[in-house]
Protein chains: 2
Amino acid sequence: MLSQKTRYTIRALQHLADRYGEGLVPLSEIVEKQNIPAKFLTVILSELGREGVVLAQRGKDGGYALALSPVDIRYGDIVRIMRGSLALVPCASRFSHEKCKNCVEESNCRLRSLMLQVRDETAAVLDRITLADPIVLEPAYGAE
Amino acid sequence: MLSQKTRYTIRALQHLADRYGEGLVPLSEIVEKQNIPAKFLTVILSELGREGVVLAQRGKDGGYALALSPVDIRYGDIVRIMRGSLALVPCASRFSHEKCKNCVEESNCRLRSLMLQVRDETAAVLDRITLADPIVLEPAYGAE
DNA sequence: TATATTCACTACCATTTTAGTAGACAATAG
DNA sequence: CTATTGTCTACTAAAATGGTAGTGAATATA
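Residues numbered from 1 in each chain as written. Chains lettered and ligands numbered in written order. Predicted model: local features only at pLDDT ≥ 70, side-chain atom pairs only at ≥ 80, totals over all residues. Heavy atoms only, no water.

Student: Whenever I open this one, the pairing of strand 2 (residues 63–66) of chain B confuses me. Can you help?
Tutor: Along a regular strand, successive side chains alternate from one face of the sheet to the other. All names here are of chain B. Of the two faces of strand 2, both are covered, the one formed by Gly-63 and Ala-65 as well as the one formed by Tyr-64 and Leu-66. Here strand 1 (residues 54–57) runs beside strand 2; their pairing, made up of four bridges, is antiparallel. When the bridges of strand 2 are listed, Val-54 appears paired with Leu-66. (Buried < 20%, exposed > 50% of the residue type's maximum accessible area, 1.4 Å probe, protein only. Helix = DSSP H or I, 4+ residues; strand = E, 2+ residues; numbered from the N terminus. Pairing = 2+ DSSP bridges.)

Quick look at the structure:
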């Protein structure tokens with residue numbers, strides 16, 4: 001599962017992408033429209049600032065904006081920044097590989113081989129789509 | 001990420017699948033070959049017993065065996081049993097849908113639409129492969 | 001320059017989840 | 001009747017999660 005923090009991050013960045021080119025967006029607007037706890041969002045946006053994904057300006061009329069064009073921010077990148085990896089097990093990460101603890105020899109681990117496939121399919125989706133891409137909305141669960 | 005418990009579960013079931021048709025496999029064998037803490041594995045296997053995935057016999061020469069043919073146990077099923085869902089967010093589960101907390105309206109949530117795509121790709125991999133299928137091993141990380 | 005506004009950063013905290021362990025009990029074979 | 005092997009409930013330590021508090025720093029404007 002993605003953590004709540006990662007979910008907030010993605011929704012906040014989507015919001016900033018929608019406002020891209022329109023100047024600075026204050027925290028309060030994102031908080032209201034995206035239903036994210038204000039203090040927590042400052043933590044998130046500061047972190048994204050340090051990562052170079054958003055830029056911020058303090059003071060009156062300050063706020064946030066994307067530091068890159070939405071077309072240059074892939075969903076996969078966002079997840080990697082927040083979670084470290086797209087993979088479901090540490091040993092199946094292609095960018096930040098780690099040994100799983102208490103596992104069998106890696107070259108002999110079928111779980112790993114399988115999870116590499118899952119990772120690659122996940123990457124195929126998340127690295128193909130950027131914050132600039134329109135996303136076709138699915139109907140809500142339970143809708144006719 | 002999959003929890004350590006889920007990883008142990010999958011490796012234990014793979015082990016039992018390899019021994020399918022060869023009678024009962026004692027806990028100690030799985031513990032040794034799969035490098036899983038013994039007590040923890042009893043917890044896991046008991047749970048799988050209650051789920052109807054393995055059957056067990058106590059006493060001398062007792063042990064565990066798959067309750068179903070390996071061909072009838074998909075990796076997706078295992079993950080669903082242990083984790084509840086294949087999805088990366090609660091609202092993107094197809095079998096055990098739940099609302100995400102502090103989210104926007106579901107019919108308007110682009111994160112959800114995207115994560116449904118990821119879930120479906122994940123399911124395409126994990127529900128296609130069963131414990132009976134051979135898995136092509138990937139070379140270990142760092143191998144030439 | 002004083003003040004209100006807005007973001008930055010560190011530290012802290014409560015709760016939940018995770019990864020086990022302990023220990024008593026039940027079944028079975030010999 | 002005793003060794004062996006699984007069952008089950010309860011417990012625990014450590015880590016991760018989801019925040020909040022509070023202080024400080026930059027900026028616009030009156």
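Student: What am I meant to see in the protein's contact with DNA strand D here?
Tutor: Looking at DNA strand D, there are 25 residues lining it, with Tyr-8 and Lys-39 of chain A together with Leu-27, Gly-59 and Tyr-64 of chain B nearest. Near-protein atoms of DNA strand D (within 4 Å) split between backbone and bases, with sugar and phosphate holding 72%. At a separation of 3.3 Å, a base nitrogen of DNA strand D approaches a polar side-chain atom of Arg-58 of chain A. Top contributing element to the surface near DNA strand D by residue count: helix 1 (residues 4–18) of chain A, with three residues. Per-class residue counts for the surface near DNA strand D are seven nonpolar, nine polar and nine charged. (Near = heavy atom within 4 Å. Polar contact = N/O pair within 3.5 Å; in protein donor to acceptor, adjacent residues only side chain to side chain. Nonpolar A, V, L, I, M, F, W, Y, C, P; charged D, E, K, R; others polar.)

Student: Please clarify how the relation of the copies chain A and chain B should be interpreted in this entry.
Tutor: Superposition of the two copies of the chain requires a rotation about an axis and a shift along the axis. The transform that puts chain A on chain B rotates by 180° and translates by 0.0 Å along the axis, for an RMSD of 0.0 Å. On the angle and the small slide along the axis, the relation comes out as a two-fold axis. Mapped onto chain B, 100% of the interface residues of chain A again fall at the interface, so both copies present the same surface. (Least-squares fit on C-alpha atoms with pLDDT ≥ 70 in both. Contact = heavy atoms within 4.5 Å.)

Student: Sorry, what's going on with the interface of chain A and chain B here?
Tutor: Put simply, an interface is often sized by how much accessible area is lost when its parts join up. Of the residues lining the interface, 52 residues belong to chain A; the matching set on chain B comes to 52 residues. Summing both partners gives a buried area of about 4900 Å² for chain A against chain B, and 62% of it is carried by carbon and sulfur. By the criterion of area lost to chain B, the three top residues of chain A are Met-1, Asn-102 and Arg-110 of chain A, representing 15% of everything that side buries. The tally of links between chain A and chain B comes to two salt bridges. One salt bridge in this structure joins Asp-18 of chain B and Arg-110 of chain A, with 2.8 Å as the shortest N-O distance. Applying the counting criterion to the chain A and chain B interface returns 20 residue pairs in polar contact (both at pLDDT 80 or more). Counting only elements with at least two residues in the side of chain A that touches chain B, the list comes to helix 1, helix 2 (27–34), helix 4 (75–83) and helix 5 (110–126) of chain A. Ranked by residue count, the leading element in the side of chain A that touches chain B is helix 5 of chain A, at 13 residues. Residue composition of the side of chain A that touches chain B, by class: 28 nonpolar, 12 polar and 12 charged. (Buried area = accessible area lost by both parts, 1.4 Å probe. Salt bridge = Lys/Arg side-chain N within 4 Å of Asp/Glu carboxyl O.)

Student: What is the right way to look at empty space enclosed by the protein in this model?
Tutor: By rolling a water-sized probe across the atoms, one finds the places where empty space is left. Tallying each qualifying case throughout the model produces three cavities of 30 Å³ or more. In this structure, the largest cavity spans a volume of roughly 50 Å³. The wall of the largest cavity is formed by Leu-86, Leu-88, Val-118 and Thr-122 of chain A together with Arg-83, Leu-86, Leu-88, Val-118 and Thr-122 of chain B. Of all elements in the fold, only helix 5 of chain A together with helix 5 (110–126) of chain B reach the threshold of two or more residues within the lining of the largest cavity. (1 Å grid on protein atoms, 1.4 Å probe; cavity = no way out; pocket = protein on both sides within 12 Å on 5 of 7 lines; lining within 4 Å. Points joined across faces, edges and corners; volume = space filled by probe spheres on them.)

Student: Before we go on, may I ask you to explain the domain arrangement of chain A in this structure?
Tutor: All names here are of chain A. As assigned here, chain A comprises domain 1 (4–66) and domain 2 (74–126). Using C-alpha coordinates to define each centre, domain 1 is positioned 28 Å away from domain 2. Across the contact, 10 residues belong to domain 1 and five residues belong to domain 2. Buried area between domain 1 and domain 2, both sides added, is near 680 Å², and the carbon and sulfur share of it is 80%. Along the contact surface separating domain 1 from domain 2 lie zero salt bridges. Run the count over domain 1 and domain 2 and you get one residue pair in polar contact (both at pLDDT 80 or more). Counting residues per element, the ones that place at least two in the side of domain 1 that touches domain 2 are helix 1 and helix 3 (38–50). At six residues, the largest contribution of residues to the side of domain 1 that touches domain 2 is made by helix 1. Residues of the side of domain 1 that touches domain 2, tallied by class, amount to four nonpolar, three polar and three charged. (Domains from an automatic or database assignment.)

Student: Any chance you could explain the protein's contact with DNA strand C here in plain terms?
Tutor: Near DNA strand C lie 27 residues; those nearest to it are Leu-27, Arg-50 and Tyr-64 of chain A together with Tyr-8 and Lys-39 of chain B. Sugar plus phosphate: this is where 73% of the atoms of DNA strand C within 4 Å of the protein reside. Here a phosphate oxygen of DNA strand C and a backbone polar atom of Leu-27 of chain A are 2.9 Å apart. One nitrogen or oxygen atom from the side chain of Arg-50 of chain A is found 3.0 Å from a phosphate oxygen belonging to DNA strand C. Going through the elements one at a time, helix 3, strand 1 (54–57) and strand 2 (63–66) of chain A together with helix 1 (4–18) and helix 3 (38–50) of chain B are the ones with two or more residues in the surface near DNA strand C. When grouped by side-chain class, the residues that make up the surface near DNA strand C number eight nonpolar, nine polar and 10 charged.

Student: Help me understand the environment of Thr-6 of chain A, please; the structure alone is not making it clear to me.
Tutor: Residue and element names in this part refer to chain A. Among the secondary structure elements, Thr-6 is positioned in helix 1. Its relative accessible area of 2% is what places Thr-6 among the buried residues. Sequence separation of Thr-6 and Ile-44 is 38 residues, and the distance between their C-alpha atoms is 8.9 Å.

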